[in-house]
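Chain residues, written in single-letter form:
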Amino acid sequence: MNVKSVNSTAFAASRLDALKAAVVALTLGFGLVWLAGFAYPESVHDAAHDTRHALSFPCH
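Here's a quick rundown of the structure. Since we're looking at a predicted model, the values are computed, not measured.

## Re the overall build of the protein chain
Part 1 of the argument: When helices and strands are counted, the protein chain shows two helices and zero strands.
Part 2 of the argument: Out of the 60 residues belonging to the protein chain, those deemed buried represent 12%.
Part 3 of the argument: Total accessible area computed for the protein chain in this model is approximately 5200 Å², and 72% of it derives from carbon and sulfur atoms.

## Considering a nonpolar patch on the surface
Part 1 of the argument: Taken together, the side chains of Leu-16, Leu-19 and Val-23 make up a nonpolar region of the molecular surface, amounting to roughly 280 Å² of accessible area.
Part 2 of the argument: Its relative accessible area of 52% is what places Leu-19 among the exposed residues.

## Details of the environment of Ala-36
Part 1 of the argument: Position of Ala-36 relative to the elements: it lies in helix 1 (residues 3–37).
Part 2 of the argument: By relative accessible area, which is 24% here, Ala-36 ends up partly exposed.
Part 3 of the argument: In this structure, the C-alpha to C-alpha distance between Ala-36 and Ala-47, residues 11 residues apart in sequence, is 8.9 Å.
Part 4 of the argument: Leaving out residues up to four positions away in the same chain, Ala-36 has contacts with Ala-48 and Arg-52.

The rules behind these values
- Residues numbered from 1 in each chain as written.
- Predicted model: local features only at pLDDT ≥ 70, side-chain atom pairs only at ≥ 80, totals over all residues.
- Heavy atoms only, no water.
- Helix = DSSP H or I, 4+ residues; strand = E, 2+ residues; numbered from the N terminus.
- Buried < 20%, exposed > 50% of the residue type's maximum accessible area, 1.4 Å probe, protein only.
- Areas by Shrake-Rupley, 256 points an atom, 1.4 Å probe, with all protein chains shown as cover.
- Patch = residues over 30% accessible without salt bridge, like charges linked within 9 Å, V, L, I, M, F, W, Y side chains within 5 Å.
- Salt bridge = Lys/Arg side-chain N within 4 Å of Asp/Glu carboxyl O.
- Contact = heavy atoms within 4.5 Å.

All we've got here are geometric facts, nothing functional implied.
If you want it as structure tokens, here you go:
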């Protein structure tokens, strides 16, 4: 095995790890926005209300 193939394998693995982390972060982020944006209980709605408006998320 030469140095070039070892480096390309390490690069591919690091890109895969970065892609996995990005997918997890996007999933959690969209989940939080969804839960806060469409919350039905008044206490949760009121707690998230100012943040939604600050982020320009429509809630009315």
